[in-house]
Amino acid sequence: MYDMLPFPNITATSIEEQAAQINNYLIQFKETLEFILTNISTDNFSPALIDKLNSLGAEIEKTTEEATEQIQQVSNKAITVSDVINSQS
């Protein structure tokens, strides 16, 4: 596999030169990472990853629907100030 983000090769002998080499590496690393992250698309995903993401999405949707239903059930059982006032009449 191609090593897209290799570790820096620090060859300098002085601290200042080493710091400059590390700084240059970090700049290149940042640019490479930004390029990778801005170019991610489903075209770059393996079929196995797409299937996994789809199943996770379905699980999230199911959980959201269940939570919405539970919230609605609680809301239906809530007592309002109006209910208390009207019950005393």
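In short, a report on the structure. Just so it is clear, the structure is predicted and the values come from calculations on it, not from any experiment.

Across all of its chains, the model carries 1 aromatic pair by this definition. When the centroid spacing of 5.9 Å and the interplanar angle of 35° are considered together, the rings of Y25 and F29 count as tilted. One end of the pair is Y25 and the other is F29, both in helix α1 (residues 15–38) and 4 residues apart, which spans about a single turn.

Bringing the pattern of salt bridges into the picture now. For the structure on display, the rule yields 1 salt bridge. E34 is the salt-bridge partner of K30, the closest N and O atoms lying 2.5 Å from each other. Residue K30 and its partner E34 are located together in helix α1, separated by 4 residues, close to a single helical turn. Classification of K30 as partly exposed rests on a relative accessible area of 48%.

Note on placement: N9 falls in the segment before α1. With relative accessibility at 64%, the residue N9 sits in the exposed group. Sequence-wise, N9 and Q21 are 12 residues apart; in three dimensions their C-alpha atoms are separated by 8.3 Å.

What counts and what doesn't
Residues numbered from 1 in each chain as written. Predicted model: local features only at pLDDT ≥ 70, side-chain atom pairs only at ≥ 80, totals over all residues. Heavy atoms only, no water. Phe/Tyr/Trp six-rings, centres within 6.5 Å; stacked < 30°, edge-to-face > 60°. Helix = DSSP H or I, 4+ residues; strand = E, 2+ residues; numbered from the N terminus. Salt bridge = Lys/Arg side-chain N within 4 Å of Asp/Glu carboxyl O. Buried < 20%, exposed > 50% of the residue type's maximum accessible area, 1.4 Å probe, protein only.

Read these as layout, nothing more, since geometry by itself doesn't imply function.
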